[in-house]
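Structural overview for review
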Amino acid sequence: MESDAYSFQTGVKHTFTTVDYVLFGSILCVSASIGLFYAIKDRNRQTTREFLMAGGDMNPLPVSLSLLASFMSAITLLGDPAEMYIYTTMYFWIGLAYLFVAFGAAHVFIPIFYRLRVTSAYEVGVRTANVTGAFRGMYSVSL
């Protein structure tokens, strides 16, 4: 009997075991505990800006984990092993380029966003659109 064969080859349906459920539940509990901790700790924050920016004094570890989670999607985690298997070491160069891009973003864009006190690239675009709209208005009045 081949116990490690894929289910589409054998027709055997593989399900979670007790260990899988315990690990899954513990990960959910840890995530919920972190959320509850910060909800109780920061319940006196009044404004949305304080909430989104964490008052500017949050520990770098949760910030970096949040950035990592937003860069790495579930599709990436599921698809990258298959891509590496199909394209072998050529896919390594994409990963290497990814590190350079992340390094560049961390040292070029993040300091700019921090100085502008914005929470997203969208907010930068809105501010830029407002400025260029004002210049367009002044230009049309001068004609």
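Conventions used here
All residue numbers here refer to positions counted from 1 along the written sequence of the relevant chain. For a predicted model such as this one, the threshold for reporting local features is a pLDDT of at least 70, and the threshold for listing and counting side-chain atom pairs is 80 or more; totals across whole chains, interfaces and linings nevertheless cover every residue. Side-chain figures throughout are based on the complete set of non-hydrogen atoms in the structure, without hydrogens or water. UniProt positions are given in the numbering used here, feature names are shortened, and annotations may be inferred rather than shown by experiment. Where helices and strands are cited, they refer to DSSP runs of H or I of at least four residues and of E of at least two residues respectively, numbered from the N terminus. Relative accessible area decides the class of each residue, using a 1.4 Å probe on protein chains only: under 20% of the type maximum gives buried, over 50% gives exposed, and in between gives partly exposed. The accessible surface values rely on the Shrake-Rupley method and a 1.4 Å probe; as for residues, cover is taken only from the protein chains in view. pLDDT: the predictor's confidence for each residue, scored from 0 to 100. Aromatic pairs are defined between Phe, Tyr and Trp rings, using the six-membered ring for Trp, whenever the two ring centres lie within 6.5 Å; interplanar angles under 30 degrees are classed as stacked, those over 60 as edge-to-face, and all others as tilted. Axis definition: a line fit to C-alpha positions, over the contact stretch in the case of helices; interaxial angles, taken between N-to-C directions, run 0 to 180 degrees. Throughout, the term roughly parallel applies to angles under 35 degrees, roughly antiparallel to angles over 145, roughly perpendicular to angles from 65 to 115, and oblique to all others. Any two residues whose heavy atoms approach within 4.5 Å are treated as being in contact. Residue polarity is assigned by list, with Asp, Glu, Lys and Arg as charged and Ala, Val, Leu, Ile, Met, Phe, Trp, Tyr, Cys and Pro as nonpolar; anything else, Gly included, falls into the polar class. Working rule for helices: expected span equals 1.5 Å times residues minus one. Here the bend at each residue means the angle between axes fitted to two seven-residue stretches, the one ending at that residue and the one beginning there.

Where an unreviewed UniProt entry is consulted, the protein appears under the name Sodium-dependent multivitamin transporter, with the organism given as Mizuhopecten yessoensis. Looking at the Sequence similarities (unreviewed entry) heading of the UniProt record, one finds this comment for the protein: "Belongs to the sodium:solute symporter (SSF) (TC 2.A.21) family."

This paragraph deals with the overall build of the protein. Helix and strand counts for the protein stand at 7 helices and 0 strands. If you list the helices and strands of the protein from N to C, you get α-α-α-α-α-α-α. Within the protein, buried positions represent 3% of all 143 residues. Carbon together with sulfur atoms contributes 71% to the accessible area of the protein, which is approximately 12600 Å² in total.

This next bit is on the confidence of the model for the protein. Of all residues in the protein, 74% attain a pLDDT of 70 or more, and the chain-wide mean is 75. Per-element confidence in the protein is highest for helix H2 (residues 18-41), whose mean pLDDT is 91, and lowest for helix H7 (residues 121-142), whose mean pLDDT is 63.

Our next topic: the packing of aromatic side chains. On inspection of all chains with the given rule, the structure shows 2 aromatic pairs. Ring geometry for Phe16 and Tyr21: centres 5.2 Å apart, planes at 70 degrees, overall edge-to-face. According to the relative accessible area criterion, Phe16 is partly exposed, its value standing at 45%. Ring geometry for Phe16 versus Phe24: centroids 6.4 Å apart, planes at 70 degrees, classification edge-to-face. Through successive ring pairs, a cluster of aromatic residues spans Phe16, Tyr21 and Phe24.

UniProt's entry tags residues 21-40, 61-79 and 91-114 with the feature "transmembrane region" (unreviewed entry), counted in the numbering of this structure. The span residues 21-40 shows a helical share of 100% and a strand share of 0%, and its end C-alpha atoms are spaced 28 Å apart. Annotated as 100% helix and 0% strand, the span residues 91-114 places its first and last C-alpha atoms 33 Å apart.

Across the interface, helix H5 (residues 74-87) lies against helix H6 (residues 90-116) with an axial gap of 7 Å and an inter-helix angle of 135 degrees. When the axis of H5 is compared with that of H6, the two are oblique. Of the residues in H6, those touching H5 at Asp80, Glu83, Met84 and Tyr87 are Met90, Tyr91 and Phe92. Residues of the contact of H5 with H6, tallied by class, amount to 5 nonpolar, no polar and 2 charged.

Between its first and last C-alpha atoms H5 spans 20 Å; for 14 residues at 1.5 Å apiece the expected length is 20 Å, and the two agree. Roughly 30 degrees is the biggest bend found in H5, and it falls at Asp80, with proline Pro81 one to four residues downstream. Taking burial as the measure, the 14 residues of H5 include 0 buried ones, a minor fraction of the element. Phi turns positive one or two residues past the end of H5, at Thr88, with a value near 50 degrees.

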